[in-house]
Amino acid sequence: MATEERCPCGSGRALSACCGPLHAGKAAATAEALMRARYAAYVLGDTAYLRATWHPDTCPQELGGPTRWLGLRVLHCDGGQAGDSEGTVEFVAAFREAGRVRQLHETSRFVHQGGRWLYVDGDLQLRDVGRNEPCPCGSGRKLKHCCGKRVTASPSSGSTTPASGR
């Protein structure tokens, strides 16, 4: 019997017992639960869920961004519980883009309207992860010995390209 796919949000639970029900229409109980489900939706390419959970006043026309997410760490939550009308969630998400491993550090703002949490906006910072830093995927290894080893330098151009073709 095959094991069920783990949820991309990093909870350690199966997708069907974690963010899957939220993607199927169940309301998130907390702002953190919505933030995790939105991260999982980015990983899975579920733009319909991202639009459905984005406040209509701030939802952009185009949803773009990295396609190779590496991991999520929730740092702090303020409010966003049952009975609250708003909340914030601070997190760091790592991704691969143009041959580099980068981190998005964001403090997201959420509101509770009509019985559902909605993402409003966030304050964010982007930075490159150095090859001797811990890998943001959570393996405990240095980037150069983990997710970074899949990035190779092109001898002719000096640019970097993912070795796996992703």
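Asker: Tell me about the nonpolar core, and please be specific about residues and values.
Answerer: Of all hydrophobic cores here, the largest spans 27 residues; its most connected members are Cys7, Cys19 and Phe110. The set of elements that each furnish at least two residues to this core consists of α2 (31–44), α3 (47–52), β1 (68–79), β2 (86–97), β3 (100–113) and β4 (116–128). It is α2 that provides the largest number of residues to this core, a total of seven residues. Filtering out sequence-adjacent residues up to four positions away, Cys7 remains in contact with Arg13, Ala14, Leu15, Cys18, Cys19 and Ala40.

Asker: I'd like a rundown of the sheet that holds β4, residues and numbers included.
Answerer: Overall, antiparallel pairing links the four strands, which are arranged β1-β2-β3-β4 in an open sheet. Each edge of the open sheet is held by one strand with a lone partner, namely β1 and β4. Along the sheet, successive strands turn relative to each other by an average axial angle of 20°, direction set aside. Relative to β3, β2 runs antiparallel, the two sharing twelve bridges. Across the sheet, residue Gly87 finds its bridge partner in β3, namely Phe110.

Asker: Break down unusual backbone geometry for me, citing the residues and quoting the values.
Answerer: Positive phi is not limited to glycine here, since Ala98 has a value of about 50°. Note that Ala98 resides in the loop between β2 and β3. Among the residues examined, Ala98 registers a relative accessible area of 62% and is labelled exposed.

Asker: Just give me the short version of α2, but keep the residues and values in it.
Answerer: Spanning 14 residues, α2 covers 20 Å between terminal C-alpha atoms, matching the ideal 20 Å at 1.5 Å per step. Along α2, the residues classified as buried are Ala31, Leu34, Met35, Arg36, Ala37, Arg38, Tyr39, Ala40 and Ala41. Residues of α2 that are buried sit in contact with α1 (20–23), α3, β1, β2, β3 and β4. After α2 finishes, the residue Gly45 shows a positive phi value of roughly 75°.

Asker: Explain the environment of Glu90 to me, and be specific about the residues and the numbers.
Answerer: Structurally, the position occupied by Glu90 is in strand β2. The class for Glu90 is partly exposed, based on a relative accessible area of 23%. Separated by 17 residues in the primary sequence, Glu90 and Thr107 have C-alpha atoms spaced 4.1 Å apart. In this structure, Glu90 is in contact with Val74, Leu75, His76, His105, Glu106 and Thr107, ignoring residues within four places of it in sequence.

Asker: Tell me about the pattern of salt bridges, residues and numbers included.
Answerer: Summed over the entire model, instances satisfying the criterion amount to seven salt bridges. Residues Arg36 and Glu32 are paired through a salt bridge, measuring 3.1 Å at the closest nitrogen-oxygen approach. Here the residue Arg36 and the residue Glu32 both occupy positions in helix α2, the gap between them amounting to four residues, near one helical turn. Classification of Arg36 as buried rests on a relative accessible area of 18%. A residue is classified by how much of its surface remains accessible, and Glu32, at 25% relative accessible area, is partly exposed. With a shortest N-O distance of 3.4 Å, Arg102 and Glu97 are connected by a salt bridge. The exposure class assigned to Glu97 is partly exposed, which follows from its relative accessible area of 31%.

Scoring rules and cut-offs
- Residues numbered from 1 in each chain as written.
- Predicted model: local features only at pLDDT ≥ 70, side-chain atom pairs only at ≥ 80, totals over all residues.
- Heavy atoms only, no water.
- Core = buried A, V, L, I, M, F, W, Y, C linked by side-chain atoms within 4.5 Å.
- Buried < 20%, exposed > 50% of the residue type's maximum accessible area, 1.4 Å probe, protein only.
- Helix = DSSP H or I, 4+ residues; strand = E, 2+ residues; numbered from the N terminus.
- Contact = heavy atoms within 4.5 Å.
- Pairing = 2+ DSSP bridges.
- Axes fitted to C-alpha atoms, helices over the stretch in contact; angles between N-to-C directions.
- Expected span 1.5 Å × (residues − 1).
- Salt bridge = Lys/Arg side-chain N within 4 Å of Asp/Glu carboxyl O.

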